[in-house]
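This is what each chain is made of:
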Amino acid sequence: MAFRSDADYPADYDEHAIRVTEPENHAAGVKAVMVAMKHGLTSMGPVRTAESLLKVNQRDGFDCPGCAWPEPPGGRKIAEFCENGAKAVAEEATKRRVTPEFFARHSVADLANRPEYWLSQQGRLTHPMVLRPGDDHYRPIGWDEAYRIIADELHALDNPNQAAFYTSGRTSNEAAFVYQLFVRSLGTNNLPDCSNMCHESSGTALTEAIGVGKGSVTVADIVNADLILIAGQNPGTNHPRMLSVLEQAKSNGAKVIAVNPLREAGLIRFKDPQKVHGVLGSGVPIADEYVQIRIGGDMALFAGLGRLLLEADDRTGGIVDREFIATHCHGFDEYEKRTRAIDLETVTEATGIGREQLERVAAMLAASERTIFCWAMGLTQHRHAVATIGEAVNLLLLRGMIGKPGAGVCPVRGHSNVQGDRTMGIWEKPPERFLAALDRRFGITSPREHGLDTVETIRAMRDGRVKVFMAMGGNFASATPDTAVTEAALRECSLTVHVSTKLNRSHVVPGRTALILPSLGRTDRDIRNGVKQVVSVEDSMSMVHLSRGSLTPPSDQVRSEVAIVCELARTVLGPDHPVPWERFADDYDTIRDAIADVVPGCENYNERVRQPDGFLLPHPPRDAREFPTRTGKANFTVEPLQWVPVPPGRLVLQTLRSHDQYNTTIYGLDDRYRGVHGGRRVVFVNPRDIEAFGLRAGDRVDLISEFPGADGDVEERRAKDFLVVPYDTPVGNAAAYYPETNPLVPLNHTAKKSNTPVSKAVVIRLERAWGG
Ligand SMILES: Nc1nc2c(c(=O)[nH]1)N[C@H]1C(S)=C(S)[C@@H](COP(=O)(O)OP(=O)(O)OC[C@H]3O[C@@H](n4cnc5c(=O)[nH]c(N)nc54)[C@H](O)[C@@H]3O)O[C@H]1N2
Ligand SMILES: Nc1nc2c(c(=O)[nH]1)N[C@H]1C(S)=C(S)[C@@H](COP(=O)(O)OP(=O)(O)OC[C@H]3O[C@@H](n4cnc5c(=O)[nH]c(N)nc54)[C@H](O)[C@@H]3O)O[C@H]1N2
Ligand SMILES: [Mo]
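The sections below set out a description of the structure shown in this document. Here the structure is a predicted model, which is why all the values come from computation and not from measurement. (Residues numbered from 1 in each chain as written. Chains lettered and ligands numbered in written order. Predicted model: local features only at pLDDT ≥ 70, side-chain atom pairs only at ≥ 80, totals over all residues. Heavy atoms only, no water.)

Some details on the site of ligand 1
Around ligand 1 sit 31 residues in total, of which Asn260, Glu264, Gly296, Gln661 and Asn663 are the nearest. Asparagine 238 has a polar backbone atom sitting 2.8 Å from a nitrogen atom of ligand 1. One nitrogen or oxygen atom from the main chain of glutamine 661 is found 2.7 Å from a nitrogen atom belonging to ligand 1. Here ligand 1 loses 99% of its free accessible area of 920 Å² to cover by the protein chains. Residue assignment for the shell around ligand 1 shows that the elements contributing at least two residues are α10 (235–238), α19 (377–380), β25 (651–656) and β26 (661–662). Here the shell around ligand 1 is built from residues that sort into 11 nonpolar, 16 polar and 4 charged. (Near = heavy atom within 4 Å. Polar contact = N/O pair within 3.5 Å; in protein donor to acceptor, adjacent residues only side chain to side chain. Areas by Shrake-Rupley, 256 points an atom, 1.4 Å probe, with all protein chains shown as cover. Helix = DSSP H or I, 4+ residues; strand = E, 2+ residues; numbered from the N terminus. Nonpolar A, V, L, I, M, F, W, Y, C, P; charged D, E, K, R; others polar.)

This is the structure in structure tokens:
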């Protein structure tokens with residue numbers, strides 16, 4: 001990575017001056033609040049810091065753009081924010097600006113040489129900008145002219161399927177609804193989204209197993225559970241507000257099982273900065289049992305536990321919920337047959353977990369009356385992710401742990417409105433009933449052919465089948481796999497359009513023509529025709545509620561996502577189009593009325609979303625033990641065991657988030673909880689592997705991934721110059737940060753059925769870096 005000296009870059013920054021200390025053994029605490037305040041003050045200044053942080057997740061405030069974890073129902077705490085929520089707010093509410101003068105100073109070639117961290121730190125975009133063919137700088141452009149360019153490019157296509165419309169999960173329900181309506185009016189279902197890289201495996205597995213691709217629990221359920229298993233998730237960094245709910249559950253007597261290759265600080269111990277004992281004391285332990293599993297071993301773990309539960313039931317009875325299974329489930333006999341035959345030696349080989357711990361965990365599951373499983377990317381981003389999640393659900397079905405208080409499935413979502421975007425129709429494979437409702441409401445004819453997901457979109461751009469790429473938020477170039485291929489694919493496009501709040505890598509990987517359209521974020525005040533507009537979002541537990549921004553927008557040129565979509569749609573589709581685009585843009589209540597007519601469960605949307613805590617969307621398995629699956633019952637998933645063996649001389653690499661980033665937005669260069677300071681190019685390796693490879697801590701290595709190529713040979717991809725950090729990770733399993741490692745993941749390395757890039761199991765070897 002070529003860092004160059006630049007006045008804006010931290011003066012003391014040296015990419016090889018990374019300092020490594022012992023990882024921490026607890027999360028949050030007073031330090032977290034200090035870090036949060038410092039972040040706020042440096043980027044927002046004191047007034048905006050107070051104004052914004054006091055409004056996060058309050059009833060009259062805005063939904064935190066950090067994560068999708070729900071707010072506590074009823075009285076929210078005065079400061080319902082966390083360190084990383086505060087950082088997310090500070091990133092958006094920053095006073096730094098990326099102006100037309102900035103673009104005049106920096107050519108695209110110059111910006112393309114900057115690290116993502118530098119791009120992230122430049123501030124909010126203030127004006128619509130265009131890069132015309134042959135130009136080396138973005139220049140300002142008027143909104144109408146920008147829309148005209150997009151309309152001309154879209155009209156020049158042979159058919160609408162030559163355009164793709166990406167969405168990242170921060171987009172509000174209202175913006176998402178009008179966006180998909182525009183895209184379908186245009187005539188395509190090419191609506192790839194970040195979910196394709198995120199919880200798609202959860203949605204796929206849950207839809208097959210229980211008929212609804214969403215979590216079945218509420219915060220109240222978690223508080224009342226007696227056993228919570230958390231697999232493949234690092235809540236201390238990525239969902240910090242979950243820790244206070246876990247603390248509550250624990251004080252009610254719940255036990256927690258953590259399943260993770262790494263000993264993550266937030267899963268070990270939590271000090272709630274909003275409580276006296278959290279400030280002064282040593283905090284509360286979180287995990288009662290820490291299952292330090294091998295990467296990709298979860299399916300085997302769940303299957304092995306299934307066998308132990310069946311055998312325990314043989315001995316004592318009362319463990320298998322036969323009544324629930326007889327009434328509500330399909331496929332139990334087959335599951336039982338397969339599971340009794342699971343070889344426990346194989347389970348130990350796949351998981352690295354010994355028989356004793358396996359028995360202990362099985363006993364905890366057997367004793368529990370109210371079990372919840374939580375998971376995130378550690379389960380979803382694997383080749384066998386869908387089967388793994390199915391296997392987790394099997395355990396819950398076996399014990400009747402779904403559709404009753406204190407029990408169920410809890411896929412913990414990422415982006416703050418990624419779940420809502422799906423509910424609003426951001427999906428390349430929309431169900432017929434949704435399209436039919438849309439057509440009926442608006443008198444349009446939506447296309448029925450399924451569209452492209454994220455990975456398919458990259459292939460289509462690479463092969464010239466998609467020529468116009470538009471993104472509603474996100475950072476497509478950095479977040480997707482196979483960076484070199486993706487960037488070349490974007491450059492193949494005739495037009496790339498990014499609706500963004502902040503500068504990022506995707507802006508400097510332009511199509512022949514490129515547009516940057518600056519939009520309001522969650523924290524910004526949104527006034528249309530003199531009336532303050534509100535938007536709505538859905539959290540990870542299907543609660544829909546309002547979000548009201550209150551800060552002064554970065555410039556008077558910045559428009560809301562809703563306005564941008566509606567104005568664009570009107571330009572592209574013409575004044576006679578049956579959708580009332582202008583009315584939608586001027587009064588978001590009218591969008592919500594349309595949502596009420598189209599989206600199941602959203603009846604009376606305007607009224608119900610204005611209730612103090614919003615409203616809960618229906619979820620038949622949760623509400624009534626009804627399972628709208630193909631069989632009409634909850635389905636046991638029966639698949640052969642799959643796991644991720646480590647080839648000799650190689651490592652299996654997982655790519656994850658540091659404590660100082662929001663996906664591709666890099667807040668800073670520390671990962672405090674893991675003891676890394678001042679840099680991101682590190683690879684965590686077990687000391688035994690370091691020794692076996694003849695390396696030493698502090699050596700610099702290249703990471704080289706190896707995958708079977710098209711014609712039987714081995715394809716190699718290289719990410720250069722990482723510092724070797726000895727770490728408590730299973731032998732054969734390494735970890736490094738995303739997005740620096742995305743160049744290592746080939747485009748076709750995706751999960752079965754969900755097509756999610758396999759970001760958590762990349763086979764690599766280490767090679768001493770030149771000069772290392
Ligand atoms: N501050 C902050 N908050 C965020 C984000 C952010 O970047 N920063 N991103 C948001 C988004 S979009 C998302 S999706 C979520 C992501 O939330 P997480 O899923 O917590 O994110 P990752 O950093 O990818 O962490 C994956 C975890 O899974 C573990 N893991 C890896 N492989 C395996 C495996 O095979 N089995 C098991 N059992 N565990 C494994 C890793 O050690 C790590 O603890 O967070 C959201 N919230
Ligand atoms: N190797 C590897 N790759 C991964 C992952 C991994 O764990 N490992 N995780 C995957 C996951 S879970 C996800 S969700 C994706 C994330 O993929 P994306 O959602 O595409 O990426 P982000 O980094 O969240 O996008 C950040 C950009 O969004 C824009 N933005 C922020 N807020 C707003 C807003 O309110 N409106 C608009 N219009 N723009 C806004 C800003 O310009 C910012 O630069 O990455 C995936 N990629
Ligand atoms: Mo995500």
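Once you've had a look at it, read on.
Some details on helix α7 (residues 173–186)
Between the first and last C-alpha of α7 there are 20 Å, a value that for 14 residues agrees with the 20 Å anticipated at 1.5 Å per step. Burial analysis of α7 places 14 of its 14 residues in the buried class, which makes it a mostly covered element. Backbone geometry just after α7 places glycine 187 at a positive phi near 115°. (Expected span 1.5 Å × (residues − 1). Buried < 20%, exposed > 50% of the residue type's maximum accessible area, 1.4 Å probe, protein only.)

Some points on the sheet that holds strand β33 (residues 762–768)
Strand order in the closed barrel formed by 6 strands is β25-β32-β29-β31-β30-β33, with mixed pairing between adjacent strands. Within this sheet the neighbouring strands show an average axis-to-axis angle of 45°, counted without direction. Here 5 bridges tie strand β30 (residues 700–708) to β33, and the two strands are oriented antiparallel to one another. When the sheet's bridge partners are listed, aspartate 702 is paired in β33 with glutamate 767. (Pairing = 2+ DSSP bridges. Axes fitted to C-alpha atoms, helices over the stretch in contact; angles between N-to-C directions.)

Thoughts on the side chain of aspartate 689
Tracing the backbone shows aspartate 689 in helix α31 (residues 687–692). No salt bridge is formed by the buried aspartate 689. Its closest oppositely charged neighbour is arginine 688, at 6.8 Å. A distance of 2.6 Å separates a polar atom in the side chain of aspartate 689 from the backbone nitrogen of glycine 732. With residues up to four places along the chain from it excluded, the contact list for aspartate 689 reads Leu651, Pro730, Val731, Gly732 and Asn733. (Lys, Arg positive; Asp, Glu negative; His and termini not counted. Salt bridge = Lys/Arg side-chain N within 4 Å of Asp/Glu carboxyl O. Contact = heavy atoms within 4.5 Å.)

Considering the site of ligand 2
Within the structure, ligand 2 sits among 31 residues, and Tyr166, Ser168, Ala479, Glu561 and Thr664 are positioned closest to it. Here an oxygen atom of ligand 2 sits 2.7 Å away from a polar atom, N or O, in the side chain of serine 168. At a separation of 3.0 Å, a nitrogen atom of ligand 2 approaches a polar backbone atom of valine 499. Summarising the interface, the protein chains cover 96% of the accessible area of ligand 2, which totals 930 Å² for the free molecule. By residue class, the composition of the shell around ligand 2 is 9 nonpolar, 17 polar and 5 charged. Two domains share the shell around ligand 2, each providing at least three of its residues, namely domain 2 (122–196 + 417–612) and domain 4 (651–768). (Domains from an automatic or database assignment.)

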